[in-house]
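Below are the chains, spelled out letter by letter.
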Amino acid sequence: MSTLEVSPAEPLSAHAGRSVVNDFSLQVATVNGSGSQTANSVLMRAIFQMGIPVSGKNMFPSNIAGLPTWFTIRASKYGYVGRRKEIDFLVAMNPETAREDVMKLEAGAAVVYDEPLKLSQLRGDLHFYPVPFDKLVGPVCPDAKLRKLVRNMIYDGVVAWLLSIEMEEVHRALVKQFGKRKAKAAELNWGAAQAGFDYASKTLTKADPCRVERMNATAGKIIVDGNAACALGAMFAGVTVVTWYPITPSSSLVETLIGYMRRFRVEPETGKATYAIVQAEDELASIGMALGAGWAGARSMTATAGPGLSLMSEFIGLGYYAEVPAVIYDVERVGPSTGLPTRTQQGDLLMTAFLSHGDTKHPMFFPCSMEECFTMSIEAFEFAERFQTPVFILTDLDLGMNNWMSDPFPYPEKPMNRGKVLTAEDLDRLGGFARYLDVDGDGVGYRTLPGTNHTKAGYFTRGSGHNENAQYTEREDDYINNMDRLAHKFEVMRSHVPEPAEETRAGARIGIIAIGSSDYAARESCDQLQAEYGVAVSYLRLRAYPFTKHLEEFIRRHDRVYVIDQNRDAQLLMLMRMELEPDLIARLRSVRYYGGMPIDARTITDTIVKQEGK
Amino acid sequence: MSTAAAPPPKKTNRIGLEVLSYKGSKTTLCAGCGHNAISERVVECFYELGVEPWRVAKLSGIGCSSKSPAYFLGLSHSFNGVHGRMPALATGAILANSSLLGLGVSGDGDTASIGLGQFMHMVRRNLPMIYIIEDNGVYGLTKGQFSATANVGSTLKTGAANDLPPFDCCALALKWGATFVARSFSGDKKQLQAILKTAISHRGLSVIDVVSPCVTFNDHQGSTKSYAYMKEHDLVLNELDYVPAQDDIAVEIPEGEAMDVRLHDGSHLRIRKLGRDFDPTNRLAALAAIEDAESKGEVLTGVLYVNTGKPTFLDLLNLPAEPIATLPESRVRPSRAVLEEVMEELR
Ligand SMILES: Cc1ncc(C[n+]2csc(CCOP(=O)(O)OP(=O)(O)O)c2C)c(N)n1
Ligand code: SF4
Ligand SMILES: [Mg+2]
């Protein structure tokens, strides 16, 4: 029968005395636009400051205010920061979803809730902590208009008491969050947090097993989101022309970049900007501007998501054939039009690999961490100029918009290399050049930049119909020559793209392959398979397309290889099938998740276990 | 002294280049196509003003018109882009290197249909460059369909009449912020030269709509973009006299007879009104004059508007004088200390 009829004392006694330290997921369910973001960030930061590995994921609707939002903090002493489906600790602030949120919990979970919601009647197998938020907020926030915002900070105090989060750290996180300029707001919020803490310590009885204990696993680390990490990477790569058209989840990449560039790329002596950032009229224009700038010698970039990428398709093809460098960030999300634009996916892989018409193929980089968002951005700008072609950096909403811990980013040690660009002096020496001639055998010709002060510098840039001297031609031999050189260039890229990361386990007969944000769930799943089923699993994380030789070698060493895809049609696996021998393809298995949430380890483990017949 | 007869000195311009240095490859457009005449004017004007060809970036979309950059200024860089999206390429290129002289060539299909959005946004930004619309009222390259600049009632060779109102590219440019707006006719050599030279000297977006008949698909009776129609209906607004910067302009102009506009590079444009009173610094008057002419079936040509004082997009972006594309690493990669500062903020 329904759990509703079970009296609280019985099932809960099973948990008595058990304690779950630094290993739980806490979810805050609120309403979009209610200002809970600050309270959630402070909570996450406070745990982080106590040295505990932590991640924060915001699940939000495509809406400005009024629809449900969930923020999930995962604390893991093992360092697992991917999504975990099970929620151990719920803060139920949204009357709309509270019932469903509570019903979804597993037995033994804890619920902090707004007292009038009367949630404790729903189930008897949970630990309920009612809090009269409205009563508590009045005294600490005399200004009624601010109460809606400040109210959230009360649950920070309640949760701090329940989970043994040190209040000094809450205070420190608050001060950090508000900055020096908003000291008053910080004070007000601190009052609310304290009120929550006092109420909890006087009124509530701790009954659930979750709590935190100080560790030392986050010393020196930073908390950042992937879009900010990419933005910083672009700035330190020396980007000079940035074009964009707003679209979730990529907007904050450029918005963050604008902030940093204003601070660090305006020259104090002259007040002049060493960059141009243009909000274009659409993605047809933003890519055109990026390519125009790349052609003229700038390190240029644009950032978008799937719908924007679709619009860029024709221009990207021109960039491929005309051989123009540019970096294109695709922060992947779900589907066109209205749909799930604020949910994550790795659904643009196939489209991006071959974007545009005719024979086109493009290099793609797949960062999986904040550090890689930074370092691979720098690598991508180098790569685009080295190979004179559009380069894609694929992240996704989970990486781009969620908060992640990271080691601080390493300063780029290698000087910038602008690729094969001939100057006027070079032209004097050489007496001229052929733009699309493969002089060095790597498929990459030498180019000149518009404005190069030399009568031999100019050349005519156009699409597929050109010969080695950049002259117009429709001859079949010229066309084939050019196509073969472009194909060769792509093959050369294989040994220049970022190499995969590999973790081999002794005796492993099966392997897992993943890219980007699937990494967290993939690694956790490897551990689950080992710990729970005694199955040793090796792991290969691909970091770029075209694939390197490591892919084939990895598959050859394993009987079965599970390819993880955050999309319905196994796009990563399909991409591999196109270039592998049939005997290797036969070893591939697919693990797919496409519900719009970040993939979690349990989903991978369960799918593999099922297919392995365990 | 040598006794051998010295070859006659070659005619060169201010910077010592022959006119040959301003030519491109042989045209592949139809003989008599208006676009060819425009190419010739480009060659003459850039030669005569002594513009360094390597300072010019030619940009175009897709169409017969957009092919024409191959037929002039062969020493310049050129980018033949995708249909209707030359403005984006041009914007990127000029942001990257603000010292480039951007010369955009487009068609009426390229600009007024597929590229209307990009055209309008470029106008709005007042990006400093020259934007020539080679306007023949049809899609030449796809064999003669109506474009959005075709007049109501104008017919195709098949006899089909256009029943939708035309976009007037000059009116659009005037409304949204171009700072030099002119219309000309590919058959009016002198007027087109003066306008092109002014555009070369102007700092800001110059929009030049040139009626340029398509002899193959739109030069028949019933077309309002034919040579014959233009001969009868070209309503010349003003007489133009371009005076290069290096020429002596001490000659006084009698009060009230001509307007003298000092251009960015020190050259001058003298605008002498013809017939009616018209002030080319008055945007609204220009719009009204276009409307008025159109209602009478006339094509108003000449300088419609000039404004030398408006900031360009480059000014708004606060760019330095030198090209940002090639700034040294020390100026585009912030220091180690900056990275450390940011990392500290994120701790
Ligand atoms: C995306 C796209 N759609 C359609 C075409 C086909 N197309 C080529 S040229 C052209 C029209 C050109 O007309 P216009 O700009 O007036 O140039 P004209 O040839 O008349 O000088 C079209 C529709 C194309 N090249 N690209
Ligand atoms: S088809 Fe028309 S526009 Fe094209 S080249 Fe011939 S005359 Fe010119
Ligand atoms: Mg046309």
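Quick notes on the rules
The written sequence of each chain sets the order in which its residues are numbered from 1. Labels follow written order: the first chain is A, the first ligand is 1, and so on. Thresholds applied to this predicted model are a pLDDT of at least 70 for local features of residues and 80 or more for the giving and counting of side-chain atom pairs; totals over whole chains, interfaces and linings are not thresholded and use all residues. In this description a helix means any DSSP run of H or I spanning at least four residues, a strand means any run of E spanning at least two, and both kinds are numbered starting from the N terminus. Note on method: radius of gyration uses C-alpha positions; expected globular size equals 2.2 Å times residues raised to 0.38. Each residue is classed by its C-beta neighbour count within 10 Å, where at least 20 other C-beta atoms makes it buried, 12 or fewer makes it exposed, and intermediate counts make it partly exposed; the C-beta atoms are placed from backbone geometry. What counts as a contact here is a pair of residues whose C-beta atoms, placed from the backbone, lie within 7 Å. Only strands that DSSP links by at least two bridges are regarded as paired with each other. Convention adopted: a line fitted to C-alpha atoms gives each axis, helices being fitted over their contacting stretch, and angles between N-to-C directions are expressed from 0 to 180 degrees. Here is the check we use: build the C-beta atom from the backbone, and if it is within 6 Å of the molecule or strand, call the residue near. The classification used treats Ala, Val, Leu, Ile, Met, Phe, Trp, Tyr, Cys and Pro as nonpolar, Asp, Glu, Lys and Arg as charged, and all other residues, Gly among them, as polar. Note: domain ranges come from an automatic or database domain assignment. Here is the rule for angles: anything less than 35 degrees is roughly parallel, anything more than 145 is roughly antiparallel, 65 through 115 is roughly perpendicular, and the remaining ranges are oblique. In this scheme, a crossing is called left-handed if the near helix is turned counterclockwise away from the far one by less than a right angle; it is called right-handed if the turn is clockwise. By our criterion, buried Ala, Val, Leu, Ile, Met, Phe, Trp, Tyr and Cys residues that link up through C-beta atoms within 7 Å make up a nonpolar core. Each residue gets a pLDDT score, which is the predictor's confidence in that residue and runs from 0 to 100.

### Digging into the overall build of chain A
Summing up its helical and strand segments, chain A has 21 helices and 23 strands in all. Its C-alpha atoms give chain A a radius of gyration of 27 Å, within 12% of the compact-globule value 25 Å for 614 residues. Scored against the burial criterion, the 614 residues of chain A give a buried share of 54%. Taking as baseline every contact in chain A between residues at least 6 positions apart, the subset at least 24 positions apart corresponds to 76%.

### Section: the sheet that holds strand S22 (residues 560-565) of chain A
All names here are of chain A. Strand order across the open sheet formed by five strands is S18-S20-S19-S22-S23, with mixed pairing between neighbours. This sheet does not close on itself; its edge strands, each paired only once, are strand S18 (501-503) and strand S23 (588-592). Neighbour-to-neighbour, the strand axes of this sheet turn through a mean angle of 20 degrees, independent of strand direction. In this sheet, S22 lies alongside strand S19 (residues 510-515) in parallel orientation, the contact comprising four bridges. Counterpart to isoleucine 513 in the pairing with S22 is valine 563. Packed onto the sheet, helix H18 (residues 549-556) meets S18, S19, strand S20 (537-542) and S22 and runs at close to 165 degrees relative to S20. Against the sheet, helix H21 (residues 601-612) contacts S22 and S23, and its axis sits at roughly 140 degrees relative to S23.

### Some points on the site of ligand 1
In the neighbourhood of ligand 1, 18 residues make up the surrounding shell, with B:Gly63, B:Ser65, B:Gly107, B:Gly109 and B:Gly140 lying closest. Top contributing element to the shell around ligand 1 by residue count: helix H4 (residues 108-112) of chain B, with three residues.

### Some details on the site of ligand 2
All residues adjacent to ligand 2 are B:Leu29, B:Cys30, B:Cys33, B:His35, B:Cys64, B:Asn136, B:Gly140, B:Leu141, B:Cys214, B:Val215, B:Thr216 and B:Phe217. Split by residue class, the shell around ligand 2 holds eight nonpolar, four polar and no charged.

### Topic: the domain arrangement of chain A
Splitting chain A by domain gives domain 1 (3-211), domain 2 (224-406), domain 3 (424-493) and domain 4 (501-612). Relative placement of domain 1 of chain A and domain 3 of chain A: their C-alpha centres are 61 Å apart.

### Quick word on the pairing of strand S7 (residues 180-185) of chain B
Residue and element names in this part refer to chain B. Counting buried positions over the six residues of S7 gives six, a clear majority of the element. Examined bridge by bridge, S7 and strand S8 (residues 205-211) share six bridges and lie parallel to one another. In the strand pairing of S8, phenylalanine 185 is matched with valine 211. With four bridges joining them, S7 and strand S13 (residues 299-306) adopt antiparallel strand pairing.

### Notes on the packing of helix H6 (residues 167-178) of chain A against helix H7 (residues 183-203) of chain A
All names here are of chain A. Packing of H6 against H7 brings their axes to within 9 Å, and their N-to-C directions diverge by 155 degrees. One element, H6, and the other, H7, form an angle in the roughly antiparallel class. Considering only the axes of H6 and H7, their crossing is right-handed. Counting all contacts with H6, which are made through Met167, Val170, His171, Leu174, Val175 and Phe178, the residues of H7 involved are Ala183, Ala185, Ala186, Asn189, Trp190, Ala193 and Phe197.

### Structural notes on the interface of chain B and chain A
Contacts between the two partners involve 48 residues from chain B and, on the opposite side, 56 residues from chain A. Those elements that provide at least two residues to the side of chain B that touches chain A are strand S2 (77-80), helix H3 (86-96), helix H5 (116-125), helix H11 (329-332) and helix H12 (336-346) of chain B. Ranked by residue count, the leading element in the side of chain B that touches chain A is H3(B), at eight residues. Per-class residue counts for the side of chain B that touches chain A are 27 nonpolar, 14 polar and seven charged. With two bridges connecting them, strand S17 (residues 460-461) of chain A and S2(B) associate as parallel partners. Across the sheet, the residue bridging to A:Phe460 is B:Ser78, located in S2(B).

### Looking at the nonpolar core
Formed by 284 residues in total, the largest nonpolar core has its most connected members in A:Ile47, A:Leu90, A:Val111, A:Ile154 and B:Ala93. Counting residues in each nonpolar core, the second largest holds nine residues, with B:Cys33, B:Val138, B:Phe146 and B:Phe217 among its members.

### Let's talk about the sheet that holds strand S11 (residues 258-262) of chain B
Residue and element names in this part refer to chain B. Taking strand neighbours across the sheet as the criterion, the three strands line up as S10-S12-S11 in an open arrangement whose pairing is antiparallel. Looking at the sheet topology across the chains shown, the edges are occupied by strand S10 (238-243) and S11. For this sheet, the mean inter-axis angle between neighbouring strands, taken without regard to orientation, is 20 degrees. Relative to strand S12 (residues 268-273), S10 runs antiparallel, the two sharing six bridges. When the sheet's bridge partners are listed, aspartate 241 is paired in S12 with arginine 270. Against the sheet, helix H7 (residues 189-201) contacts S10 and S12, and its axis sits at roughly 50 degrees relative to S10.

### Structural notes on the pairing of strand S9 (residues 222-225) of chain A
All names here are of chain A. A two-sided burial pattern is seen for S9, the buried positions comprising Ile222 and Val224 on one face and Ile223 and Asp225 on the other. Direction of pairing for S9 relative to strand S16 (residues 403-406): antiparallel, over a ladder of four bridges. The partner of isoleucine 222 across the bridge, within S16, is serine 406.

### Some thoughts on the confidence of the model for chain A
Per-residue confidence for chain A gives a mean pLDDT of 94; residues scoring 70 or more make up 97%. Confidence over residues 1-15 of chain A falls short of pLDDT 50; this stretch has 19 contacts with residues more than four positions distant or in other chains.

### What about unusual backbone geometry?
Cis geometry is found at the peptide bond from A:Thr248 to A:Pro249, where omega equals 5 degrees. In this structure, A:Pro249 sits in the loop between strand S10 (241-244) and helix H9 (251-264). Of note, the bond from A:Tyr545 into A:Pro546 is cis; its omega dihedral lies within 30 degrees of zero at 5 degrees. Along the chain, A:Pro546 turns up in the loop between strand S21 (544-545) and H18. Notably, B:Lys143 is not glycine yet its phi reads approximately 75 degrees, a positive angle. Exposure remark for B:Lys143: the 9 C-beta atoms within 10 Å place this residue in the exposed category.

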